[in-house]
Amino acid sequence: MKKFIIVILLVTSILVGCTTKQISKSNNTQDLVFQPYTDIQKDSVIPLGIKTVPKGYIEVANQQGKVVRFDYVTNTYDSQNRVMKKYAYVYIPYGYETSTARYDVVYAMHGHTGDVTSFPGELDDLSDIKNEIDHLIENKEMKPMLMVFASYYHDNIDMDTDDYDASLTEAFGKELQNDLLPQFEHAYRTYASSTSEEDLIASRDHRIFLGFSMGAVTTWYRMMDSMRYFRYYVPFSGSLYWGNRTMVNQYGHDNPNWTVQVLDTAITAQGYTAEDFYVLALTGTKDFAYRTVNMQIEDMKQHSDMFHYDSDKVNGNFTLLLGENEEHDYHAKRLYIFNALPMISQMIAKRDLYSCINTY
């Protein structure tokens with residue numbers, strides 16, 4: 001009995017110590033609302049499943065974040081080799097301005113013919129997706145996060161491409177790595193201590209790439225070229241089967257295994273393993289993307305040396321969640337945001353706890 005009490009006291013001391021270390025980084029205890037060290041235990045599991053969006057979440061929240069424009073300079077990174085002035089929309093959570101805390105970052109990408117407004121809406125007419133993010137943070141269901149809504153189109157202008165934007169989604173990696181990511185994280189308070197390559201890589205556990213439709217293709221591509229910057233990947237309703245024509249021609253439409261081949265090869269070539277990422281894929285049962293998304297997920301299941309599938313709880317490194325009767329539309333995108341961000345938040349919090357405990 002005495003040994004049991006000693007163990008409990010030791011664990012409590014560690015948890016308090018972790019929390020104290022978090023508090024020491026900030027003068028504002030509001031920053032710590034989603035540091036659930038008393039709720040998420042090191043060996044606890046994170047359940048998986050789709051929940052419907054409560055009606056009240058699409059209304060304006062009491063604690064409102066804001067959306068602003070962020071301008072940056074980049075290049076076309078193609079035969080034009082032309083400098084571009086581009087912009088993204090940025091979601092800033094409530095309390096950011098009065099806080100000294102660091103923030104996780106979600107980089108989010110629209111689909112074909114979309115733009116930086118596809119998730120948050122116009123600056124003077126914000127969407128109910130923005131409202132639900134406010135509610136999730138206010139109700140402590142997810143960590144306060146910065147969200148960067150970018151575009152893969154040159155000059156932020158929809159381009160008439162002959163490959164359904166696939167080549168643009170692949171090429172966006174250079175713009176992200178060289179320009180958008182370092183310029184944004186220089187301007188905002190993230191987990192990167194600086195924008196040196198070393199510090200950007202060191203903060204990968206606090207960075208997520210997310211996209212819908214061709215934005216999901218963009219997400220899969222970032223697994224192939226940007227893993228040093230991102231641990232979490234959240235593709236909504238899109239697969240690598242929609243990738244660029246060169247890749248499709250190389251591997252063939254009739255070879256269902258090529259998506260996993262290129263993913264596995266690219267991850268390994270970057271120096272990463274199955275322990276270094278998590279993929280949370282979502283699509284709808286009535287979405288035209290469902291067939292190819294499911295094909296890719298089923299193929300990934302067959303390659304358990306790199307991909308460990310989760311069904312009802314998080315203990316591997318990827319899963320597929322299905323929205324019953326959801327189609328390829330804004331309603332589905334709103335549903336997936338509502339479900340994905342809290343799950344990723346829990347994963348980040350659990351990793352933070354594990355890391356903190358290991359320091360004692």
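Structure report, in brief. On a predicted model such as this, the values are computed, not experimentally measured, just so you know.

About the criteria used
Residues numbered from 1 in each chain as written. Predicted model: local features only at pLDDT ≥ 70, side-chain atom pairs only at ≥ 80, totals over all residues. Heavy atoms only, no water. 1 Å grid on protein atoms, 1.4 Å probe; cavity = no way out; pocket = protein on both sides within 12 Å on 5 of 7 lines; lining within 4 Å. Points joined across faces, edges and corners; volume = space filled by probe spheres on them. Helix = DSSP H or I, 4+ residues; strand = E, 2+ residues; numbered from the N terminus. Nonpolar A, V, L, I, M, F, W, Y, C, P; charged D, E, K, R; others polar. Pairing = 2+ DSSP bridges. Axes fitted to C-alpha atoms, helices over the stretch in contact; angles between N-to-C directions. Contact = heavy atoms within 4.5 Å. Buried < 20%, exposed > 50% of the residue type's maximum accessible area, 1.4 Å probe, protein only. Right-handed = clockwise from strand over helix to strand, strands pointing away. Salt bridge = Lys/Arg side-chain N within 4 Å of Asp/Glu carboxyl O. Parallel < 35°, antiparallel > 145°, perpendicular 65-115°, else oblique.

Attention now moves to empty space enclosed by the protein. Scanning all chains against the criterion turns up one cavity of 30 Å³ or more. In this structure, the largest cavity spans a volume of roughly 60 Å³. A total of four residues in the lining of the largest cavity trace back to one element, the largest contributor, which is helix α3 (residues 166-187). Of the residues that constitute the lining of the largest cavity, the class distribution is five nonpolar, three polar and one charged.

Here we take up the sheet that holds strand β3 (residues 83-92). Strands sit in the order β2-β3-β7-β4-β8-β9-β10-β12 across an open sheet of eight strands; the sheet is mixed. Two strands lie at the open edges of the sheet, namely β2 (66-75) and β12 (318-323), each paired on one side alone. Strand-to-strand twist across the sheet, computed as the mean angle between neighbouring axes with direction ignored, equals 20 degrees. By the bridge criterion, six bridges tie strand β4 (residues 104-109) to strand β7 (residues 145-150) in an arrangement that is parallel. What sits directly across from A108, in β7, is F149. Running at roughly 130 degrees to β2, α3 makes contact with β2, β3, β4, β7 and β8 (207-212) of the sheet.

Here the focus is the pairing of β8. In summary, the side chains of a regular strand alternate between the two faces of the sheet. Among the six residues of β8, six are classified as buried, and the element is accordingly described as predominantly covered. Side chains of β8 alternate between two faces, with R207, F209 and G211 and I208, L210 and F212 buried alike. In the sheet, β8 pairs with strand β9 (residues 232-236) via five bridges, with the strands oriented parallel. Pairing of F209 across the sheet is with Y233, part of β9. Once you follow β8 into helix α5 (residues 214-225) and on to β9, the crossover reads as right-handed.

Our focus in this paragraph is the pattern of salt bridges. Applying the stated criterion across every chain, the model contains 14 salt bridges. Note that D134 and K130 form a salt bridge whose closest N and O atoms lie 2.7 Å from each other. Of the two residues, D134 and K130 are both situated in helix α2 (residues 128-138); the distance of four residues between them amounts to about one turn of the helix. Looking at K130, the relative accessible area reads 5%, which means it is buried. Among the ionic pairs, R222 bridges to D225, the shortest N-O distance being 2.7 Å. Of this pair, R222 and D225 are both found in helix α5, three residues apart, which corresponds to roughly one turn of the helix.

As for its position among the elements, T218 is in helix α5. With residues up to four places along the chain from it excluded, the contact list for T218 reads M109, Y152, T169, F172 and F209.

Positive phi values are uncommon outside glycine, yet N81 reaches one of about 45 degrees. Of note, N81 is situated in the loop between β2 and β3. Overall, the relative accessible area of 58% leaves N81 in the exposed class. Although it is not a glycine, D165 adopts a positive phi angle of roughly 75 degrees. Here D165 shows up in the loop between β7 and α3.

A few words now on the packing of α5 against helix α7 (residues 258-269). In the contact formed by α5 and α7, the axes pass within 7 Å of each other and the chain directions differ by 40 degrees. Our classification of the angle between α5 and α7 gives oblique. Only V262, L263, A266 and I267 of α7 make contact with α5, whose side of the interface consists of W220, M223 and M224. A breakdown of the residues in the contact of α5 with α7 according to their chemical character gives seven nonpolar, no polar and no charged.

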